[in-house]
Structure formats: C-alpha cells, structure tokens
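Descriptive analysis of the structure
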Amino acid sequence: MAETYEAQVVRALREIDTTLRLVRYSLDARPPQEVLDELHQQGMLPPTLLFEVRISDAEGRTVASTHPQPAHQPNVTMVQAEGMGIELLGSGEGAEQPLAFSRRLSEESANPQGAVSVLVDGAYFVSGYDMDTLGVLGVLALAEEEGTFLVRRTGNDLFSGEKIDYEDLLTDNDGIGQPALVRSSEWDGVDRYLVARQLFEFPVAIVVGLSQTEQLDAAESMQRSYYLRAWLVSLAGLVILALLGWLSWKLQQVQAKVLEERLDHARRAEYLAFHDNLTGLPNRAYFSRLLTRGMQHARRYDKQLALLFLDLDRFKAINDSLGHDAGDELLQEISRRLGHSVRESDTVARLGGDEFVVLLPEIIEQEQISHVANKILAAVSAPFTLVGQEFRITVSIGIARYPADGEDEQTLMKHADVAMYHAKEEGKNNAQFYSEQLKSDSLERLALESSLRKALERQEFTLYYQSKLDMATGRVIGMEALLRWQHPELGLILPKQFIPLAEENGLIVPIGRWVIYTACRQNVAWLKAGLPQMSMAVNLSARQFLDDGLLRDIKGALQASGMAPELLEVEITESMMMVDMQKAVGVLQELRKIGVRIAIDDFGTGYSSLSKLQALPLDTIKIDGSFIQDLLNNAGDRSLTEAIIDLGKSLGLTIVAEGVESAEQVAYLRQHACDQVQGFYMHEPQPAVDAARSVQERLDSESIP
Ligand code: C2E
Ligand code: MG
Ligand code: MG
C-alpha cells in the first residue's frame, strides 16, 4: 500500500511540477493573466475545478490566476530559490487547508522575484483509497520536512497542520525490505502498522498507517470465520460420521438379523432333518448317528448295549380304518408312553411308520433288558381312547445286543428286525432276543417274501376246496376255497406261512382278487359240469376287507363268471370288525346289497361279545375248530358252543362247525342242532378235481355217518 501510495503521490507532484515549469517557461513580456488564459484555452493547464494556477509578485500578491476570484485568499509565501516549494496555506492546525506548490519565476520574466503556484486541496492527495481498505482508523498523510502534516486523512476525516516529530517518524520506518512496525501514532495515540517514507524528488514524506486493532479485527474475524467454518466442517464431519455410524450399526443389525434368521432356519432345518415331525423323536438318520456313537463308546470302554426294535401290531388296520389323523394321534401317544418307560439316558427314536427303536446303553444283563421290554409292552398295551372309542394296541419287540449280535450298525439293526419278526410270529405283543436260529428263519422269510412277489405272475397259487355238509341230508351244500402256494422249491405252502407276510406288504389284495375270480369261475364250471348247485366261500383278510376295491373286485368276479351272487359267501373274522365297526358294517351292507352272503369265521376266538353280532348283517356263523376239537372233553367249550348255536339260531343265522374230525363230534353237533359241518372227518381241502369227485360220491348219501 505504501508503495502504490508513494507512486500516486510522486506522479501527482510531477504533473504539478510540469505545470509549474510550463507556466514559468511560457511567461514572457505579456501580462501574466493573458499568458495563463492562453495556456488554459490550449488545454495545457490542469482542470480548474481542482487546481488553481496562480502567479504572484515578489511580495506574494496575486497578479494572475486561473480562478477570477481566487479561491484561496492567503498569499503564497514559501517560494524557494531553487526547486519546488510546498506550503500549507492558511494557518494553524485543524480542518483541511489547500496546499500550494510554487516555483520562482525566471530572471527573464516580466515579473522577476515573483512565483508561479499550483494550489490544490490536500484531499486530492489522500482520496485514493476507500474506507474498506483503509478502515476507520487507517491513515494516509503527506508530511513536510519541517514536521507538519500537509494533509492527514484518518478514516474519512481530513486534517492538516499538525506538528509531528518528523525525524522520529521516518527513522527505521520506510517499510522497505521489512514489515511495517506497529507504533503508537503520536498525533492520536492509536497503534498502527506505520510506514513513513521520504520522497526522493520532493521535500515531502508519505505516511501510511493501518490500525492494528482493525487489521487484527479483520484477521480475528477471518480467524473467527475460519473457526466457524472449521467448526461447521467438523460438525458436518461429525454428522456424517454419526450418520455413517448409524448406517453401519443399522447394517450390522440387519446382518445380525439375517444371520439369526439363517441360523434359525439352519437350526429348524437341522431339527427337521434329525427329528420326526409327528412325535418330535429322533428320526432314522439321527438315530443312526446316535447308535454309531453309542457303539464307538461301548467299544472304547468295553461295554455293551441293547437295541430294541419295536413294531406296532395291527397298526395298519387302525390307520386305514380310522383315518390318518387318528393314526397320528396314536403314534404320538405311543411315543409318549415309550419315553416314560425308559430312563433319561436311553434313546427312543421313530424310524418311520409304526416302527420305533429304543437304545439302552451300558446294559449287560438279559433280565435288565427283559425288564425294560416288559415295561414297554405293558405301557403300550394299556387302553387308550381314540375318536371316542377305547382301543388297545400291542407291540412286538426284537432285541439285539452289541457286540454279541452284531458289531456294526447295519448288522445290529437287521438282527433286531429279525428278532422283531420272530416276536410277530410268536403271536405278537411280546419281545424276542435275537439268536442265530432266527437268522436262518428270517433268511427263509426273506426268500419267501421276494418269491411271493413273483408267485402271482408265475401262477404258483392254486385253490383247494373243502366241503361243507348239510347236517340233515349229508350232502355237500357248499365249498370253501382255501389258498395254497405251490412253491417251485419248497413245495406246497399253507396260508399260515405266507398270508401274514402278504398282509404286511399288501400283496394280499391282488392275491385275494385272484382267489375271488378263480373261486367264482370254479363254482360256475362245476355247475356247468353237472354238479348240484353249491355255495362258494372265500376268506377275506383284514387288509382286503378294508380295501376300497373290494366291492369292485367282487362284482367283477361275479360278472366275469356269471355266478349267482347268492351262491357266494365271504368269510370274515371278528377282529376285522373290531378295528372299525362302523366302516365294517358299511362294507357288509354293500355286500348284502349285491346279494352276497356273509359268514363270520373262527367265531369264538375273538374279543367280540355275542351281543355285538346283532348289529352285523350276517348270514352264517362258523364256530372255530378249536372249540370243536375239545368239545367232548371240555365243558367250557361245550357250553360256549351251545350258546353260540342258540344265539345264532335266535338271530336266524346258519351255524357251521369247523374242524370236525370225528363221528362223535358230528353226533354232538347234530344233537345240538348245528346246521352244517366242515372238517377232515368229511373231506380235507382238495384240488378242484378231487373235490368234485367227493361231491359226486356223497350225492346219494342219506346223512353224515
Ligand atoms: P379258515 O378259513 O378257518 O380255514 C379252515 C382251516 O382249517 C384251513 O386251513 C383248513 O385246512 C383247516 N381245517 C379244515 N378242517 C380241519 C380239521 O378237521 N382239522 C384241522 N386241524 N384243520 C382243519 P388252511 O387251509 O391252512 O387255512 C388256514 C387259514 O388261512 C384259513 O382259516 C383262512 O383264515 C386262511 N385262508 C385260507 N385261504 C385264504 C384265502 O384265500 N384268503 C385269505 N385271506 N385267507 C385264507
Ligand atoms: Mg375260512
Ligand atoms: Mg376258520
């Protein structure tokens, strides 16, 4: 600032000096005013609005001026012999006064000893900067060598004439090559960054001062604004950080939630993968792991364990007849009972269907195992209520021990399964330990099962026929078709040996169908061959009886053979009725509608009470052979047989005695008005050809001998 101010001042002074020299040079013998006017007209003089050019005589009186009435009355006095004189017109300090710059006129002029002056307001030299730059306390000033301010501007105020210590002001204070120093200004006591510099060509010094407070104020306000900005930026940063933090927290939460969901899902999936849906028990896969682990443990510590393989008896019949919901309920109840029958350390698992397993770790004594098995048998067979009815179900248990009966999972499971089948064969509702003997039996069974599947298509089945004789006439009035399996290697196999198996795997349905068709065809063939009209009885198994295709099959067989429906009699057992009385009655009524007759087989061996017979649409009761066999020795059997005959008669049913083996039995039965007899004493079951011959032989008989 000092440098540009200096340059401005120097330029202004030079211009003023140029004017002074021009006027001095132009003055000649003519009157000075004339010369001035001429110069003015030629535009050689500075604008009169700001400047007055004046010519004075030796005493300082004005002799010519560019201003007709001189603006500044005071005379010019400061005229040097050489160079430019500078003078503050007027007297004393105070408000701004005009400055006069003068030069002595030359000897040759008409007015020697006189002077030419340029008068200008001091403001001219200090108006170059605005307030923004200078500030309220900033100073621009011209000082002359004597120690007077020619003009001083502070803020917008102008002063002149103050006395100052010129020497002191200039000492070490030119601002050249050094920063401006802060000094207290002697004229008003304000601390300023101050530069004072003596001009090279003119006897004046320029003074530039900027208030320290104002400058620092600016700096401080700048600092404040920087602080503010910094603070705002920091705040913004904080906000962004907080936002980022919040976002990442949110993200973490979402991730955690997703993770938790996945874990949950995995846990659920794992639970489902290893637990049975219905009962919540470990499933086959999980049990397999538990068993493997149990065996590893037992091996390491030289211990034993027992595996109990459980299969519910007659579960399929209940499930088929009562519906799957009831079946599910039953399975849940069974699994609860199993859980209560064993210790905490034991494992109960469901392999599927009605198959359960129980793992007893660290068990050695056979009695201990039997004890647990008996507990389970008792727990399962306790009565329970299903669909408002009281039921009993039993279970068959096979037991295999590690390591005696198998050292790996597969063998152990297989052997427990074999033992379980043995328990079934032993009449169900019991537990059997595995033994080597069972193994060979089961191998046979396995072979049987696979060949049973092929037996139908290989036409290995055949029907034998056993006669039923009328007690009164001794004539054959009906036949019962009894199934035989002509096995290519094992020979003739009786139903007892394969029907339970066929029941289990469902093959009984197609086999039974074949029986019905074949029996009907045979009946018609005999009639066509000239034999007397006979009824034909076929046995139905439980599964077949509840099969939805039964009626269709029977109708189909009757139609295909052309047999009269009244001649066909189906034999069912009490136990088949027991499973679902309502459905059973429904099936029986349907059969009745077609005209087919219904016999209840093996009567007396089941649980049903005699009174229940009333509710069934029956035609015939067949008293089980076991009663007939002991008839003569056992009073109980006798009274039961008599009761059955009495009741049957009162219900209008035909009474047949099965398994009649002797004349005495026949006599007794005749005496008690039994209607028909069937048994080895009359005829054993025979192939069709032989049976036909037997019929013929008895055509002329009067009665049974
Ligand atoms: P079931 O219907 O009670 O048949 C009578 C069984 O007693 C027959 O055995 C017959 O051979 C036998 N038997 C007849 N008279 C005497 C006798 O005087 N003394 C002795 N001790 N037994 C005699 P089988 O043929 O072995 O049949 C056994 C059971 O198999 C049948 O009992 C029947 O329930 C079932 N069965 C036979 N054929 C079929 C069939 O085609 N389908 C179905 N589902 N079951 C059948
Ligand atoms: Mg029968
Ligand atoms: Mg029978």
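Worth saying up front: this structure is predicted, and the values here are computed from it rather than measured.

All right, on to the sheet that holds strand β7 (residues 148-154) then. The six strands lie next to each other as β8-β7-β6-β11-β10-β9, forming an open sheet whose pairing is antiparallel. What marks the edges here is a single partner per strand, and that holds for β8 (157-159) and β9 (181-184). When the angles between neighbouring strand axes are averaged without regard to direction, this sheet yields 25 degrees. Two strands pair when backbone bridges link them, and strand β6 (residues 139-144) and β7 are joined in this way by six bridges, in the antiparallel orientation.

Once that is clear, we can look at the sheet that holds strand β14 (residues 355-361). With mixed pairing, the five strands of this open sheet are ordered in space as β13-β14-β12-β17-β18. Each having just a single partner strand, β13 (347-352) and β18 (431-433) make up the two edges of the open sheet. Direction aside, neighbouring strands of the sheet carry axes that sit 20 degrees apart on average. Pairing of strand β12 (residues 305-312) with β14 involves seven bridges; the strand directions are antiparallel. Its bridge partner being in β14, F309 is matched across the sheet by V357.

Turning to helix α9 (residues 324-341), a few remarks are in order. For α9, with 18 residues, the first-to-last C-alpha span of 25 Å sits near the 26 Å given by 1.5 Å per residue. Within α9, the full set of buried residues consists of A326, G327, L330, L331, I334, S335, R337, L338 and S341. Looking at the packing, one finds that the buried side of α9 touches β12, α8 (315-322), β13, β14, α10 (366-381) and β15 (384-386).

In this section: the packing of aromatic side chains. A complete count under the given rule lists eleven aromatic pairs for this structure. Arranged with centres 6.0 Å apart and planes meeting at 45 degrees, the rings of F461 and W485 form a pair that is tilted. Here the residue F461 occupies a position in strand β19 (residues 461-470), and W485 occupies one in strand β20 (residues 476-487), the gap between them amounting to 24 residues. The same class applies to F461 as to W485, namely buried. Among the aromatic residues, ring-to-ring pairing joins F51, F101, Y124 and F125 into one connected group.

What counts, and where the lines are drawn
- Residues numbered from 1 in each chain as written.
- Chains lettered and ligands numbered in written order.
- Predicted model: local features only at pLDDT ≥ 70, side-chain atom pairs only at ≥ 80, totals over all residues.
- Heavy atoms only, no water.
- Pairing = 2+ DSSP bridges.
- Helix = DSSP H or I, 4+ residues; strand = E, 2+ residues; numbered from the N terminus.
- Axes fitted to C-alpha atoms, helices over the stretch in contact; angles between N-to-C directions.
- Expected span 1.5 Å × (residues − 1).
- Buried < 20%, exposed > 50% of the residue type's maximum accessible area, 1.4 Å probe, protein only.
- Contact = heavy atoms within 4.5 Å.
- Phe/Tyr/Trp six-rings, centres within 6.5 Å; stacked < 30°, edge-to-face > 60°.

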